[in-house]
Amino acid sequence: MKRAHHNPATLPDWSGMFSQVVTTEKNGVKFVHISGQVGVDADKKLVGDGSLRAQTRQALANLEKALASVGTGANDVVKLIMYVVDYKYEDATIIREELRAVFPAGPLPALTLLGVSALADKQFLIEIDAEIVAESA
């Protein structure tokens, strides 16, 4: 089995703690594991302080960058896990709208949505990780 660790320059550099993307390939199938993406830009600057919508949009934009870095796209995502600080039922509307901007047509990936008390930084409101299955190049 072939395994590779990726830390794309288009994403924040957290390589001292974890890899942004890990790929494994076997028998013509590529599995992609994307670490939790949060609402920061490539320089680790918070986007949307206090705004779940803005942070969700940025986290999803980071997810798209992670996907592109290994030659995959939104259509290859099979599962998302979202961690939302102090989740309230009405947060689902914001999350659904932002998801549809990235996954506009067809069925959405499987999703686990978890309310949590805190994330790695007290300013982070959402973290999104993803599992991808695609054909090897």
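Throughout, a residue's number is its position along its own chain's written sequence, starting from 1. At least 70 in pLDDT is required for a residue's local features to be given in this predicted model, at least 80 for side-chain atom pairs to be given and counted, and no such filter applies to totals for whole chains, interfaces and linings, which use all residues. Neither water nor hydrogens contribute to the side-chain values; these are computed over all heavy atoms in the structure.

Participant: Before we move on, could you go through the overall build of the chain and cite the residues and values that matter?
Facilitator: A run of H or I in DSSP becomes a helix once it reaches four residues, and a run of E becomes a strand once it reaches two; helices and strands are each numbered from the N terminus. The helix and strand inventory of the chain stands at two helices and six strands. Only C-alpha atoms enter the radius of gyration, while the globule expectation follows 2.2 Å times N to the 0.38, with N the number of residues. Relative to the compact-globule value of 14 Å for 137 residues, the chain shows a C-alpha radius of gyration of 15 Å, a close match. Every one of the 137 residues in the chain was classed for burial, and the buried ones make up 41%. Total accessible area on the chain stands at roughly 7,500 Å², and carbon and sulfur atoms take up 53% of it. Under this rule, positive means Lys or Arg and negative means Asp or Glu; His and the chain ends count for nothing. Note that the charge is assigned to NZ on lysines, CZ on arginines, CG on aspartates and CD on glutamates. The centroid of the 14 positive side-chain charges in the chain is displaced by 3 Å from the centroid of its 17 negative side-chain charges. Exposure is judged per residue with a 1.4 Å probe applied to protein chains only, and the accessible area is read against the type maximum: over 50% gives exposed, under 20% gives buried, and values in between give partly exposed. Computed with a 1.4 Å probe, the accessible areas rest on the Shrake-Rupley method; for each residue, only the protein chains presented here act as cover.

Participant: Can you explain a nonpolar patch on the surface? Please cite residues and give values.
Facilitator: A contiguous nonpolar patch, built from Phe31, Val78 and Val133 and spanning about 220 Å² of accessible area, is present on the exposed surface. Tracing the backbone shows Phe31 in strand β3 (residues 29–37). Like charges are joined within 9 Å and nonpolar side chains (Val, Leu, Ile, Met, Phe, Trp, Tyr) within 5 Å, but only among residues with over 30% relative accessible area and no salt bridge; these make up the patches. Should a side-chain nitrogen of Lys or Arg be within 4 Å of a carboxyl oxygen of Asp or Glu, the pair is scored as a salt bridge.

Participant: How would you explain the pairing of strand β5 (residues 110–116) if you had to name every residue and give the values?
Facilitator: Paired strands, in this sense, are two strands between which DSSP finds at least two bridges. By the bridge criterion, seven bridges tie strand β4 (residues 77–85) to β5 in an arrangement that is parallel. In the sheet register, Tyr83 faces β5, and the bridge partner there is Leu114. Looking down the strands as they point away from you, a crossover is right-handed if its path from the first strand over the helix to the second goes clockwise. Each parallel crossover has a hand, and the one from β4 via helix α2 (residues 91–102) to β5 is right-handed.

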